[in-house]
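Chain and residue survey
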Amino acid sequence: MTAHTFFTLATGFYFLSLAAAFLPKGTRSAMWGFLAAALFANATAAAMRYWTAWPMLPMYLGPQALPLCLAMLLVLNRRNARELWLRRLIPGFALLLCILALLFPKDFYLPFLKSNAAFAHAFFVFGMIGKGCFLVSAAWALTALFASAGAENTGNARTGEVSAQRPWLRWAVWGFAFWTLSMFAGELWTYFGWGTPVVWDDPAITTTMATWFFYICLLHLHLTGSWSARGRTAFAAGGAVVVLALNFIPELGPFRWPF
Amino acid sequence: MMRIITTLWNKAGSIHLTVVLCLLLTVDLAFGYICLNRNTTLFAPLNDIGLAEWMGTYGRYNLEKTAWFFILMLLLGLLCLNTFVCTTERVLRLLRFRAQQPRSHRGLRFYFRFAPHVMHYAVIIMLAGYLCSYLFAHVLDTRTLIPGASMSLPGSKARIEFSAYEPQYYSAGRLESFKDRVLKPVARLRLVNGGHRETAVLGYNRPVWFKGYGIFMKSFAPKSKGGMGMKVRINLSIRKDPGVLLYLAGMAFFTAGMALYVTEWIFFKKGRWDFYGKKTRNNTIHGPAAPGLHGCRLRPVERRQGPILYPDRGVCGPPDIARADRGARRRRARAGACPPRRSRSPGYPGPPSGSHARQTGGGLWLF
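A brief structural summary.

Scanning chain B from N- to C-terminus turns up eleven helices and eleven strands. Across the 367 residues of chain B, 50% fall into the buried class. Only carbon and sulfur atoms are counted for the fraction: they give 61% of the accessible area of chain B, which is about 17,600 Å².

A cluster of nonpolar side chains, Met1, Met2, Ile4, Ile5 and Leu8 of chain B, forms an exposed patch at the surface whose accessible area comes to about 590 Å². Leu8 of chain B sits in the exposed class, given a relative accessible area of 56%.

This structure, assessed with the given rule, holds 39 aromatic pairs over all chains. With 5.8 Å between their ring centres and 85 degrees between their planes, Trp68 of chain B and Phe69 of chain B make a pair best called edge-to-face. Assigned by exposure class, Trp68 of chain B and Phe69 of chain B land together as buried. Within the aromatic cluster, the residues linked to one another by ring pairs are Phe119, Tyr191 and Phe192 of chain A together with Tyr130, Trp209, Phe216 and Tyr247 of chain B. Above the face of the Tyr204 of chain B ring, Lys114 of chain A is positioned so that its terminal group lies 4.9 Å from the ring centre.

The next point concerns unusual backbone geometry. Of note, the amide linkage connecting Trp54 of chain A to Pro55 of chain A takes the cis form, showing an omega dihedral of 5 degrees. Looking at the secondary structure, you find Pro55 of chain A in the loop between helix H2 (30-53) and helix H3 (62-76). Residues Ala221 of chain B and Pro222 of chain B are joined by a peptide bond in cis, for which omega reads -5 degrees. With respect to the helices, strands and loops of the structure, Pro222 of chain B is situated in the loop between strand S10 (213-221) and strand S11 (233-240). With phi around 50 degrees, Tyr60 of chain A is a residue other than glycine that occupies positive phi space. Its place among the elements puts Tyr60 of chain A in the loop between H2 and H3. Unlike most non-glycine residues, Lys211 of chain B shows phi in positive territory, near 50 degrees. Looking at where Lys211 of chain B falls in the secondary structure, it is placed in the loop between strand S9 (208-210) and S10. When its relative accessible area of 42% is taken as the criterion, Lys211 of chain B is described as partly exposed.

Residue and element names in this part refer to chain B. Bridge analysis of strand S4 (residues 159-165) against strand S7 (residues 187-193) gives six bridges, and the strand direction is antiparallel. Residue pairing in the sheet places Ala164 in a bridge with Arg188 of S7. In this structure, S7 lies alongside strand S8 (residues 196-202), joined through seven bridges in antiparallel fashion. Directly across from Asn193, in S8, lies its bridge partner His196. In textbook terms, the turn of a hairpin is the stretch between consecutive antiparallel strands, and for S7 and S8 this stretch comprises two residues, one of which, Gly194, has a positive phi near 65 degrees.

All right, on to H3 of chain A then. Residue and element names in this part refer to chain A. Taking 1.5 Å per residue as the helical rise, H3 with its 15 residues ought to reach 21 Å, and the 20 Å between its terminal C-alpha atoms agrees with that figure. Among the 15 residues that make up H3, twelve are buried, leaving the element largely enclosed by the rest of the structure. Residues Gly62, Pro63, Gln64, Ala65, Leu66, Pro67, Leu68, Cys69, Leu70, Ala71, Leu73 and Leu74 constitute the buried set of H3.

With that out of the way, let us pick up the packing of helix H2 (residues 15-36) of chain B against helix H6 (residues 63-99) of chain B. Residues and elements named next belong to chain B. Packing of H2 against H6 brings their axes to within 9 Å, and their N-to-C directions diverge by 155 degrees. Judged by the inter-axis angle, H2 sits roughly antiparallel to H6. With respect to the hand of their crossing, H2 and H6 are arranged in left-handed fashion. Contacts between H2 and H6 involve Leu17, Thr18, Leu21, Cys22, Leu24, Leu25, Asp28, Leu29, Phe31, Gly32 and Cys35 from the former and Glu64, Lys65, Trp68, Ile71, Leu72, Leu75, Leu76, Leu78, Leu79 and Asn82 from the latter.

Listed as interface residues are 76 residues of chain B and, on the opposing side, 66 residues of chain A. Here chain B meets chain A over a buried area of about 6,200 Å², counting both sides, of which 71% is carbon and sulfur. Summed over the shared surface of chain B and chain A, the result is zero salt bridges. Applying the counting criterion to the chain B and chain A interface returns ten residue pairs in polar contact (both at pLDDT 80 or more). With 13 residues, H2 of chain B is the largest single contributor of residues to the side of chain B that touches chain A. Looking at the side of chain B that touches chain A residue by residue, the classes come out as 49 nonpolar, 17 polar and ten charged.

Reading the values: rules and limits
Residues numbered from 1 in each chain as written. Chains lettered and ligands numbered in written order. Predicted model: local features only at pLDDT ≥ 70, side-chain atom pairs only at ≥ 80, totals over all residues. Heavy atoms only, no water. Helix = DSSP H or I, 4+ residues; strand = E, 2+ residues; numbered from the N terminus. Buried < 20%, exposed > 50% of the residue type's maximum accessible area, 1.4 Å probe, protein only. Areas by Shrake-Rupley, 256 points an atom, 1.4 Å probe, with all protein chains shown as cover. Patch = residues over 30% accessible without salt bridge, like charges linked within 9 Å, V, L, I, M, F, W, Y side chains within 5 Å. Salt bridge = Lys/Arg side-chain N within 4 Å of Asp/Glu carboxyl O. Phe/Tyr/Trp six-rings, centres within 6.5 Å; stacked < 30°, edge-to-face > 60°. Lys NZ or Arg CZ within 6 Å of the ring centre and 35° of its normal. Pairing = 2+ DSSP bridges. Expected span 1.5 Å × (residues − 1). Axes fitted to C-alpha atoms, helices over the stretch in contact; angles between N-to-C directions. Parallel < 35°, antiparallel > 145°, perpendicular 65-115°, else oblique. Left-handed = near helix turned anticlockwise from the far one by under 90°. Contact = heavy atoms within 4.5 Å. Buried area = accessible area lost by both parts, 1.4 Å probe. Polar contact = N/O pair within 3.5 Å; in protein donor to acceptor, adjacent residues only side chain to side chain. Nonpolar A, V, L, I, M, F, W, Y, C, P; charged D, E, K, R; others polar.

Structural data, given as structure tokens:
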């Protein structure tokens with residue numbers, strides 16, 4: 001079985017996991033089983049590609065590794081992830097990413113020699129965890145918005161907003177920390193490999209920085225007091241769009257039928 | 001005059017400005033991606049000819065594709081100014097507060113409050129390093145060496161000799177197209193400085209530093225065993241970059257600041273420890289550690305949000321909670337359950353008027 005087959009299987013399991021999250025209460029635990037299967041298939045696909053390219057960095061592994069990272073974060077944090085919408089959103093995100101990665105692959109490039117460096121691997125791994133945390137943060141923020149909308153209907157909007165605030169903020173902070181480490185590892189790799197702080201051959205440098213500034217903005221918004229809790233939560237939810245548009249889509253290739 | 005300066009200082013350090021600048025930077029950089037994509041050849045010379053020359057040539061005559069870069073520099077400059085002003089204001093306030101506390105109250109945790117400020121200063125140092133690098137780096141033209149050949153460094157008698165080429169080949173069979181290709185190009189250099197000689201190993205991602213110059217392997221030949229009969233050669237990129245140390249130091253400071261911040265979060269989170277590192281009981285904050293909340297029991301909402309006492313900010317936690325808390329404190333004071341909002345610890349300047357809207361920079365209270 002090839003990495004592509006495992007990844008296609010993972011996509012199927014993510015779909016089943018998402019579908020199970022919509023089942024009636026009592027049968028939803030099937031979701032975790034499907035998610036574990038998806039996680040295994042996705043991890044195998046990513047590991048196979050990594051093993052093939054080792055000691056170099058596999059090119060454009062991001063679209064396949066990001067759903068894996070998301071699912072892993074959800075499974076590791078399953079005790080706190082009791083909100084129904086969160087359990088639907090994260091497999092939903094993972095499924096969307098998998099479908100895009102299957103339809104628009106760009107993973108046929110050979111690795112390049114300069115990626116044979118510890119900093120290159122640190123750059124990739126930290127970046128993936130960072131992006132995963134950002135997407136989990138956005139999922140929590142969306143959950144909070146749904147919860148506050150629900151609470152508004154029952155006349156208890158404020159409780160809904162404030163109580164749901166902390167998880168997405170914490171995830172955003174962790175994401176920011178990993179993203180920063182990834183940027184630093186990338187800069188060190190750039191310096192040791194090319195002798196300059198920035199390599200302008202790869203336009204992704206701008207989108208990486210844009211994401212960093214977006215999250216700096218989000219973290220500082222809490223100090224201004226000029227945005228409502230709902231506004232900040234909506235801003236955090238917008239992080240999903242930023243991550244997808246600036247860091248995921250640029251790694252996609254042209255359309256190709258996967259079967 | 002002083003009034004104008006003070007107003008400008010306050011405006012420059014406003015956290016609202018930080019937010020606006022960060023948003024503008026995000027938009028500008030996203031637009032930059034569109035301009036940079038497929039136009040990387042326009043920006044690649046930046047690393048070789050330096051910022052000033054690049055601006056006068058490539059930058060000036062391709063404004064439709066380079067304007068974002070000029071805007072980026074302007075915004076980063078403003079961000080540096082903003083960060084410096086607001087962080088300095090916070091640090092000074094923290095130091096003043098500490099100086100006026102009794103020695104017994106100067107706990108370990110106080111130092112952790114500097115973590116965000118370390119990160120903020122680190123950003124300035126890093127950006128200054130980049131600027132230095134692009135303005136003052138001395139880059140030599142690419143040099144090609146064959147085994148046995150040597151080159152001199154400008155302005156000195158120091159020489160670099162290419163003594164041997166010992167490539168490591170790809171031996172694993174996982175990538176068929178990589179079979180027998182060079183995996184690690186290893187070049188042995190002899191560095192001669194007057195009577196002093198030493199050897200060094202140069203490779204991809206393994207530069208050599210000599211007489212203030214960084215020597216980087218740009219490319220090499222042959223790329224595989226046999227290599228179509230090509231002669232052995234290495235292309236070197238040699239540069240003296242005064243900005244490197246600055247941005248490496250900036251990165252180190254930022255990482256240290258983040259580590260401090262995480263440590264504080266892990267060990268002092270959720271009100272288990274007060275501001276001075278003393279253990280709290282039943283979520284009650286004791287002593288002068290709690291300006292405005294002296295000896296009062298935290299309400300559930302405050303417990304959820306964790307400790308909310310920061311003398312450098314003088315505000316109890318996130319805006320919503322702080323607002324809620326001010327109302328609660330008034331109610332408690334009316335009921336006699338808690339002293340009314342008392343004057344803060346002696347010498348503590350407290351938050352500037354206007355409360356949150358004037359909270360400039362510095363720490364994040366996130367946890």
